[in-house]
Amino acid sequence: MDVNADIPLRFLARKEGNAAVPDPRELLRPLQLAAEATLKHIGSSDRGVKVSVECEIPVAAGLGSSASTTVAIISAVARSRGIELSKRKIFKLAFVPENFLHGKPSGVDQATCIYGGMIQFTRPFTVRTLQPRKEPVILVCDTGIHHATKTLVGAVVQKSRREKTLFQDHIAKIREISKGVVKALRQGDDENLGILMYQNHEILGKIGVSHPKLDHLVQVARRAGALGAKLTGAGGGGCMIVLCRSIRDRDRISQVLRREAGTPYKVSMDTYGVESWPA
């Protein structure tokens, strides 16, 4: 089986605190596992498959780069054998490479990539489509400090065992915030949505998954007029998402964050999820 990936070097640069970022060669193994798991599932005895991946998503930054690539590979490999897998089956198969890379992932990354749009996700596998009244204006900002999700998740698990009661209280508050976020999105209430994002980031900091640079950039965004900002992914660096009042405000806040050594990305919402076409 031949698997190769084109990942821009700027997404793999070992900046400050990046010792945990995997070697580029190690990134190929979950891609191979995705292809192998798919062939095994569809009962293909022919394992002669060549997979070529082009990735434009920062690695180890909390943006689901591994989930997006493995989901795409699973769908494409099945399609190459004339089979179109259900989204639920793609979700299950994606756990093979994700478990290898992250330990015990929640599944939310691959669910988001598979279903597209906005979703409500509950473990072990409940996905509900969420229809916002309007699409929020957001940007993503990369701190440039990347870590391996498996390491960060392990640290949080240990902390939850040491501070069980306090940790459970934090999780309960996050659940309530999540409910409020759903309501705000359905009502198009960006003001309240932003408040809830700041609250969520504060609690995640108490849990121990933030980073001084993340906290700094969240405050920079707040002073620049952002409605809300919070870390995304496993934390420990990586990226934050910022809620803006308008596209004009987004462009202005993006410039402010860049001056503070952040790397902003202007993004839009995908509504389709995973798709594959015959060659």
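Worth saying up front: this structure is predicted, and the values here are computed from it rather than measured.

Draft legend 1. The arrangement of the pattern of salt bridges in detail. Scanning the entire structure with this criterion turns up 10 salt bridges. Here K206 makes a salt bridge to E202, at a shortest N to O gap of 3.9 Å. Of the two residues, K206 and E202 both sit in helix 7 (residues 190-207), 4 residues apart, roughly one turn of that helix. Overall, the relative accessible area of 46% leaves K206 in the partly exposed class. With its nearest N and O atoms 3.0 Å apart, the salt bridge here joins D251 to K266. Residue D251 is found in helix 9 (residues 247-259), and its partner K266 is found in strand 8 (residues 263-266); the two are separated by 15 residues along the sequence. Given the relative accessible area of 28%, D251 is considered partly exposed.

Draft legend 2. Up close: unusual backbone geometry. Positive phi is not limited to glycine here, since A261 has a value of about 75 degrees. Locating A261 in the fold gives a position in the loop between helix 9 and strand 8.

Draft legend 3. Spatial organisation of the packing of helix 6 (residues 164-187) against helix 7. Two numbers describe how helix 6 lies on helix 7: the axes approach to 10 Å, and their chain directions differ by 160 degrees. What the angle tells us is that helix 6 and helix 7 run roughly antiparallel. Here helix 6 runs over helix 7; the crossing is left-handed. Contacts between helix 6 and helix 7 involve F167, H170, I171, K173, I174, I177, G180, V181, A184 and L185 from the first element and N192, L193, L196, Q199, N200, I203, L204, K206 and I207 from the second.

Conventions we followed
- Note that residues are indexed from 1 along each chain, following the sequence as it is written.
- The model is predicted, so local features are restricted to residues of pLDDT at least 70 and side-chain atom pairs to those at 80 or more, both for listing and for counting; the totals for chains, interfaces and linings are taken over all residues.
- Each side-chain value is derived from all of the structure's non-hydrogen atoms; neither hydrogens nor water enter the calculation.
- Between Lys or Arg on one side and Asp or Glu on the other, a salt bridge is scored when a side-chain nitrogen of the former is within 4 Å of a carboxyl oxygen of the latter.
- Elements are defined by DSSP. Helices are runs of H or I of four residues or more, strands are runs of E of two residues or more, and each kind is numbered from the N terminus.
- Burial classification: accessible surface area is computed with a 1.4 Å probe over protein chains only, and a residue below 20% of its type maximum counts as buried, one above 50% as exposed, and the rest as partly exposed.
- What counts as an axis is a line fitted to C-alpha atoms, over the stretch in contact for a helix, and the angles between N-to-C directions run from 0 to 180 degrees.
- Roughly parallel covers angles under 35 degrees, roughly antiparallel covers those over 145, roughly perpendicular covers 65 to 115, and oblique covers all other angles.
- Crossing handedness follows the turn of the near helix against the far one: under a right angle anticlockwise gives a left-handed crossing, and clockwise gives a right-handed one.
- Any two residues whose heavy atoms approach within 4.5 Å at even a single point are treated as in contact.

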